[in-house]
Amino acid sequence: MKLKGTQILLEVLKEENVDIIFGYPGGTVLDIYDQLYKSDLKHILVRHEQGAVHAADGYARATGKVGVCLVTSGPGATNTVTGIATANMDSIPLVVFTGQVPTGLIGNDAFQECDITGITRPCTKHNFLVRNIEELASTIKEAFHIARSGRPGPVLVDLPKDVMATQTDYDPANVKFRNYEVAHKPAPKKMAKVFDMLQAAKKPLIITGGGVILGKASEELTHLSRKYQIPVTGTLMSLGSFPGSDALWLGMLGMHGTYYANMAVSHCDFLLAVGVRFDDRVTGTIETFAANAKIVHIDIDPSSINKNVTVDLPIIGDTKATLKDLLRFLEEHHYAQDAASRKTWLDEIDEWRERVPLTYCQNGEVIKPQYVIETLHKLTCGDALITTEVGQNQMWTAQFFQFDRPNSFISSGGLGTMGFGLPAAIGVKCAFPDKHVVDIAGDGSIQMNIQELATAAQYNIAVKIVLLNNGYLGMVRQWQELFYEKRYSHTDMTYAPDFVKLAEAFGIIGLRATKPSEVEAVLKQGLSVNKPVLMDFRVSREECVYPMVRPGESISQMTLGSREMIN
Amino acid sequence: MEKKAHVISILVHNKPDVLARIAGTLGGKGYNIDSLCVNTTTQNDISKIVMTTAGSQATITRIENQLQRLVDVISVDDLTNVESIYREMVLVRLNLTAQNSEPVKKAIDMNKWKVIVSGDKYVIVEITGDKTQIDFSLARLESLGITDITRTGLIALKLED
């Protein structure tokens, strides 16, 4: 069958079970958009290409599928870079299609030409420039395969206009591409070592990471922890991979981790790290990190091993398959924890938990941001998909919204991209129209991609924005308070739009709470309507995120904030 | 940790950009490439890259792992820890003058350098050898009046698989 490039693109997308794409048209993709016009593939028109990538990213994080976007050449393509780098740092599978000028013009500085494969080489898992029609179908197939196999990541496919307008014979059965899937290799000797280390341990601990969510290994990890009573802490990217309501859950570790999680890491004698990469925000000073522990590190990417933390036993493999092997080995060899020593360890952790619980003080007439998040959790019974922006809003969400299910906390962890939350929420809501999807935002971040309110309004994508409005770039202000003697250099954001009026101007609902007594009512009202809603919570201006490990300190050295916070 | 030169042999799919990806991966992470040699293998769609870089064993392992992540990379092999042979090649043009033509001819004969082109005004010789041999030869040629040289990157081959 003879098909045009544009038709082949849509055919392959159908074969890859793509049900939605996020995009923005322009000169070099006019032919593709013309084909879309005749197709029933769902397309969401964003208002900025960065929004398209974050929306596809949110969709991918919530579903575990590959997110797809389509933009034009030149500025359309360069606008995707922040989104691609965001997905790359968090290993999120995306395929980003960019238009390109006709092949004859490439290199001529043509109108809206840019070398997008060159620009994105360091921030994609891989990228392609399709040079002729014959390689179009196989390249797209390969792009999807690369995006989702192994350690996932974003793949960019650059599509010159003339290639897409050319015809060729297309038969899906004849499309061949390279296979990168590495077969899982069981490592029984390593399992035996883990067994011995676990047997010798008196204070074992598990760190779960984003790789547990990406590898769909939550069930195995939870089983391992519960069966052998091993407490679990986790990275920001792991939230939801182990039930937040479980007594064995210690909360997040690291810079804004709980006191008891960081103390447990610092005192444990055996550490099983699964799908983590030991980011500097997690470890604090490397020398003192889990200094008393034998460390076992399971990760699919060999380049993560011994990159930051030198471990005693690396196991390279898929998190799910490896945990399954481990569970089987422990069972077959009748591992049983010493109940007395395990109780002593869990009691020690509970003492830390009682001494410095994760808390805040809601008093007076000013809304505390943590209270808003807790109330949101209560009203949704935790059954919501939460995106965040970056900064204090993100850390408070990580601390105070208890995530019980994987793929329910959607946040830019590695790159820390402000402006991520709103477009990501749009992508999530497109995947789960019947779920509560809430972007917990700050007043700085929300203004970075505020234009996407128009997208939400146009398609009635009923995302809810919980705006923790403190009139500051809160996290930067917090650092200025603590480390720069309160010289608030350019972090005051008091000059901001009236967010309620702004919401209304975009055609969505705007609500506001200025007192603690109004919080619950506003949230209830916001959650009850099937429309996009922006809720502006005027929160305590100078609230800080605690505990906090100062940069360059050991994670056992935490700043706990004011006395009243500790009680 | 001790920093030393490592010769890394990389098999890659012969795709556009593959060299840029490899150079970018190293450059982007702050590693320097000291010498580089690239060509196709007996299969046209597979190329071999031989690269010299310096670092501690931990750094080299990190480099190998980073390279392994690239989609177009088939295999990465550090030849430094196994028995291998090393060669470089240099082409040298010497302008002949009344004063130097005799000593040049003598040196060529003595050192068994291969003459590629020989004219009245110049001579081009080809020298192959390991790094020490080439450095030694170039030092001798220096005094005879080198006009221009082109030196390849290091190539290497393991003695056994």
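Rules used throughout
Residues numbered from 1 in each chain as written. Chains lettered and ligands numbered in written order. Predicted model: local features only at pLDDT ≥ 70, side-chain atom pairs only at ≥ 80, totals over all residues. Heavy atoms only, no water. Helix = DSSP H or I, 4+ residues; strand = E, 2+ residues; numbered from the N terminus. Buried < 20%, exposed > 50% of the residue type's maximum accessible area, 1.4 Å probe, protein only. Salt bridge = Lys/Arg side-chain N within 4 Å of Asp/Glu carboxyl O. Contact = heavy atoms within 4.5 Å. Buried area = accessible area lost by both parts, 1.4 Å probe. Polar contact = N/O pair within 3.5 Å; in protein donor to acceptor, adjacent residues only side chain to side chain. Nonpolar A, V, L, I, M, F, W, Y, C, P; charged D, E, K, R; others polar. Pairing = 2+ DSSP bridges. Right-handed = clockwise from strand over helix to strand, strands pointing away. Axes fitted to C-alpha atoms, helices over the stretch in contact; angles between N-to-C directions. Expected span 1.5 Å × (residues − 1). Phe/Tyr/Trp six-rings, centres within 6.5 Å; stacked < 30°, edge-to-face > 60°. Lys NZ or Arg CZ within 6 Å of the ring centre and 35° of its normal.

## Quick word on the overall build of chain B
When you go through chain B residue by residue, the secondary structure sums to four helices and nine strands. Put simply, chain B runs from its N terminus to its C terminus through helices and strands in the order β-α-β-β-α-β-β-α-β-β-α-β-β. By principal-axis analysis of the C-alpha atoms, chain B measures approximately 60 × 40 × 30 Å. A burial count over chain B gives 39% of its 161 residues as buried.

## So, the pattern of salt bridges
Per the counting criterion, the structure on display carries 42 salt bridges over all chains. A salt bridge links A:E220 to A:K324, with the nearest nitrogen and oxygen atoms 3.9 Å apart. Of the two residues, A:E220 sits in helix 11 (residues 218–228) while A:K324 sits in helix 14 (residues 319–332), which places them 104 residues apart along the sequence. Residue classification places A:K324 among the partly exposed residues on the basis of a relative accessible area of 39%. For B:D135, the salt bridge is made with B:R151, and the minimal N-O distance between the two is 3.0 Å.

## Describing unusual backbone geometry
Residue and element names in this part refer to chain A. The amide bond that connects Y546 to the next residue, P547, takes the cis arrangement and shows omega of -5°. In this fold, P547 is placed in the loop between strand 20 (533–538) and strand 21 (548–549). Positive phi is not limited to glycine here, since K486 has a value of about 60°. Along the polypeptide, K486 turns up in the loop between helix 20 (474–483) and helix 21 (499–505). According to the relative accessible area criterion, K486 is exposed, its value standing at 51%.

## Points about the interface of chain B and chain A
Where interface size is given, it is often the accessible area lost as the parts come together that is meant. Tallying the contact residues gives 12 residues for chain B and 15 residues for chain A. Buried area between chain B and chain A, summed over both chains or domains, comes out near 1200 Å², and the portion from carbon and sulfur atoms is 47%. Looking only at chain B, the three residues that lose the most surface to chain A are B:R21, B:R69 and B:V71, adding up to 48% of its buried area. Run the count over chain B and chain A and you get two salt bridges. For B:D17, the salt bridge goes to A:R121, with nearest N and O atoms at 3.4 Å. Connecting chain B to chain A are four residue pairs in polar contact (both at pLDDT 80 or more). At the level of secondary structure, the elements contributing two or more residues to the side of chain B that touches chain A comprise helix 1 (18–28) and helix 2 (57–69) of chain B. A per-element tally of the side of chain B that touches chain A places helix 2 of chain B first, with four residues. Considering only residue class, the side of chain B that touches chain A consists of three nonpolar, three polar and six charged.

## Focus on the side chain of A:T235
All names here are of chain A. For T235, the position within the fold is in the loop between strand 10 (232–234) and strand 11 (249–252). Residue T235 is classed as buried on the basis of its relative accessible area, which comes to 10%. Not counting the four nearest positions on each side in its chain, T235 is found in contact with I207, T208, G209, G210, M252, L253, V276 and V282.

## Comments concerning the pairing of strand 19 (residues 509–513) of chain A
Residue and element names in this part refer to chain A. As defined by bridge partners, strand 19 adjoins strand 20 across five bridges and the pair is classed as parallel. In the sheet register, R512 faces strand 20, and the bridge partner there is D536. Handedness of the crossover joining strand 19 and strand 20 through helix 22 (residues 516–528): right-handed.

## Focus on the environment of B:Q66
Positionally, B:Q66 belongs in helix 2. For the pair B:Q66 and B:T25, spaced 41 residues apart in sequence, the C-alpha to C-alpha distance is 7.2 Å. Setting aside residues no more than four positions away along its own chain, B:Q66 makes contact with A:S303, B:T25 and B:K29.

## Considerations on the environment of A:F289
In this structure, A:F289 sits in the loop between helix 13 (280–283) and strand 13 (294–299). When sequence neighbours within four positions are dropped, the list of residues in contact with A:F289 reads A:I207, A:L253, A:V265, A:L271, A:F278, A:V282, A:T283, A:V309 and A:I555.

## Description of the sheet that holds strand 3 (residues 42–45) of chain A
Residue and element names in this part refer to chain A. Across the sheet, six strands lie side by side as 3-2-4-5-7-6; this open sheet has parallel pairing. In this open sheet, the two edge strands, each paired with only one partner strand, are strand 3 and strand 6 (126–129). Shown here is a sheet whose adjacent strand axes are inclined to one another by a mean of 20°, direction ignored. Here strand 4 (residues 67–71) runs beside strand 5 (residues 94–100); their pairing, made up of five bridges, is parallel. In the strand pairing of strand 5, G67 is matched with L94.

## With respect to helix 14 of chain A
Within an α-helix, residues lying three or four positions from one another point in the same direction, as the helix has 3.6 residues per turn. Residue and element names in this part refer to chain A. If you check helix 14, its first and last C-alpha atoms are 20 Å apart, about what 14 residues at 1.5 Å a residue would give, namely 20 Å. Among the residues of helix 14, those classed as buried are T319, A321, T322, L323, D325, L326, L327, F329 and L330. Packed against the buried residues of helix 14 are helix 9 (188–200), helix 10 (210–214), helix 11, strand 12 (270–274), strand 13 and strand 14 (313–316). Backbone geometry just downstream of helix 14 places H334 in the positive-phi region, at approximately 55°.

## Things to note about the environment of A:I367
Residues and elements named next belong to chain A. As for its placement among the helices and strands, I367 is situated in the loop between helix 15 (339–355) and helix 16 (369–380). I367 gets classed as buried once you look at its relative accessible area, which sits at 0%. Between the C-alpha atom of I367 and that of D162, which follows or precedes it by 205 residues, the distance is 57 Å. For I367, the contacting residues outside a window of four places in its chain are Q362, V372, A513, T514, K515, P516, V519, R538, V539 and S540.

## Comments concerning helix 11 of chain A
Residues and elements named next belong to chain A. Of the residues making up helix 11, those classed as buried are S218, E220, L221, T222, L224, S225 and Y228. Lining the buried residues of helix 11 we find strand 9 (204–208), helix 10, strand 10, strand 12, helix 14 and helix 15. Positive phi appears at Q229, one or two residues downstream of helix 11, with a value of about 50°.

## Digging into the packing of aromatic side chains
Residues and elements named next belong to chain A. One pass over the full model with this rule turns up 12 aromatic pairs over all chains. With 5.4 Å between their ring centres and 85° between their planes, Y360 and F400 make a pair best called edge-to-face. Taken together, the residues span a long stretch of sequence, with Y360 in the loop between helix 15 and helix 16 and F400 in helix 17 (residues 392–400) at a distance of 40 residues. Residues Y360 and F400 agree in their burial class; the two are buried. Each residue in the set F195, Y228, F329 and Y335 is aromatic and connected to the rest through ring pairs, giving one cluster. Geometry around Y472 places R477 over its ring, the cationic atom sitting 5.5 Å from the centre. Sitting over the ring of Y472, R541 keeps its end group 4.0 Å from the ring centre.

Everything listed is a geometric property; what it means functionally is a separate question.
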